[in-house]
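Per-entry structural report
Residue strings, one per chain:
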Amino acid sequence: MVSWVTVEDPMSVVRDERSEAFAMEVLDERLAADGRIRTGLSGRPDLELVVIADGTGGASGAGTKYTLRTSWGDGWRLAARARGGSPVPREDLARVVDGLIDDLVSQVALFGMDSVALVEMLEGDPSGGNAATAVRILGERRAKVAVPVLTGMLESAPRGSEMVADLVGALGRISDERASHALIEAFHDSDPGMDVAIVDALGRTGGREAMDFLEVLATGHPDQSVREEAAEKLGRMRGGAAGD
């Protein structure tokens, strides 16, 4: 499936059916001819190409954004992204699609790597193109071996980035007390939208440091949603400790 839209001005988005047909033809050619698709993505996968062409002429937004998405395994959504100029000649679109396919295939390959190998990959290149997918895989696996590298990445991740959300989610799933300090530090630097997610992760990691911090939030944070989330997590942690 191909969705191609053109931003005519900041308030107007127009679907470009002619460009959609053009992009679908290019994508179909690659699906039919490229062995990477057949071997790396198991036959003829369900691919969605989204192209947003900026026609406003503004220097900051000019150009074209490409996203190639697919589903993988048990509900995973993978995406490869690229940017290009406008207008888009056929040869340029073919080159971009090739690069997006390479990116998706390399992401799928991560599922065949064990957790130690994924950790080593992140240690060598924590900001690489496949880092976010590796982080999410390690979180789903509850891979405690990944806690040191994930906490290190959280300490250096740009404030408000998608990577912060991925790392917080992964550390929450892993539920290891060693992550509590990094999560607390991330809370102090986070955007307000991440506060509740970090509180949820701290409720999972546990430990004295996490409990003390949640108690402070439950009684003194100005945001009611944060206070309520902290109080709920604190109650669960105390109940679990009482039952041990």
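Our subject is the structure listed above.
The following paragraphs examine the structure supplied in this document. (Residues numbered from 1 in each chain as written. Predicted model: local features only at pLDDT ≥ 70, side-chain atom pairs only at ≥ 80, totals over all residues. Heavy atoms only, no water.)

Thoughts on the nonpolar core
Where we set the bar: Among buried residues, the Ala, Val, Leu, Ile, Met, Phe, Trp, Tyr and Cys ones that are joined through side-chain atoms within 4.5 Å form a nonpolar core. Only protein chains enter the calculation, and the probe is 1.4 Å; a residue is then buried if its accessible area is under 20% of its type maximum, exposed if over 50%, and partly exposed in between. Put simply, DSSP marks the helices as runs of H or I at least four residues long and the strands as runs of E at least two long, and each gets a number from the N terminus on. Should any heavy atoms of two residues lie within 4.5 Å, those residues are counted as being in contact.
In this structure, Leu122, Leu150, Leu154 and Leu183 are the most contacted members of the largest nonpolar core, which totals 65 residues. In terms of residue count, helix H3 (residues 90-109) provides more of this core than any other element does, nine residues in total. With residues near it in sequence (within four places) discarded, Leu122 still touches Ala131, Ala134, Val135, Leu138, Val149, Leu150 and Met153.

Observations concerning helix H5 (residues 131-140)
Within H5, seven of the 10 residues are buried, which leaves it mostly tucked inside the rest of the structure. Every buried residue belonging to H5 is among Ala131, Thr133, Ala134, Val135, Ile137, Leu138 and Gly139, and all of these are buried. On its buried side, H5 packs onto strand E5 (76-84), H3, helix H4 (115-124), helix H6 (147-156) and helix H7 (162-174). Residue Arg142 follows H5 closely and has a positive phi angle near 55 degrees.

With respect to the packing of aromatic side chains
Going by this rule: For Phe, Tyr and Trp, where Trp contributes only its six-membered ring, two rings pair if their centres lie within 6.5 Å, and the inter-plane angle classes them as stacked under 30 degrees, edge-to-face over 60, or tilted in between.
The final tally for this structure, using the stated rule, is one aromatic pair. Seen in terms of ring centroids, Phe187 and Phe213 are 5.4 Å apart; in terms of plane orientation they differ by 80 degrees. Their pairing is edge-to-face. In this pair, Phe187 is assigned in helix H8 (residues 180-189) and Phe213 in helix H10 (residues 208-220), connecting sequence segments 26 residues apart.

Here we look at the pattern of salt bridges
As a reminder of what qualifies: Here, a salt bridge means any Lys or Arg side-chain nitrogen found within 4 Å of an Asp or Glu carboxyl oxygen.
In the structure shown here, the tally under the stated rule is 11 salt bridges. Linking Glu48 and Arg69 is a salt bridge whose minimum nitrogen-to-oxygen distance equals 3.2 Å. Of the two residues, Glu48 is situated in strand E3 (residues 47-54) and Arg69 in strand E4 (residues 63-72); the sequence distance between them amounts to 21 residues. Taking relative accessible area as the criterion, Arg69 reaches 29% and is therefore assigned partly exposed. When the shortest N-O distance is used, the salt bridge between Arg204 and Asp200 registers 3.0 Å. Linking Arg204 with Asp200, this pair stays in helix H9 (residues 195-205), spanning four residues, or about one helical turn. Exposure remark for Arg204: the relative accessible area of 45% places this residue in the partly exposed category. Put simply, Asp200, Arg204, Glu229 and Lys233 are held in one network by salt bridges that share partners.

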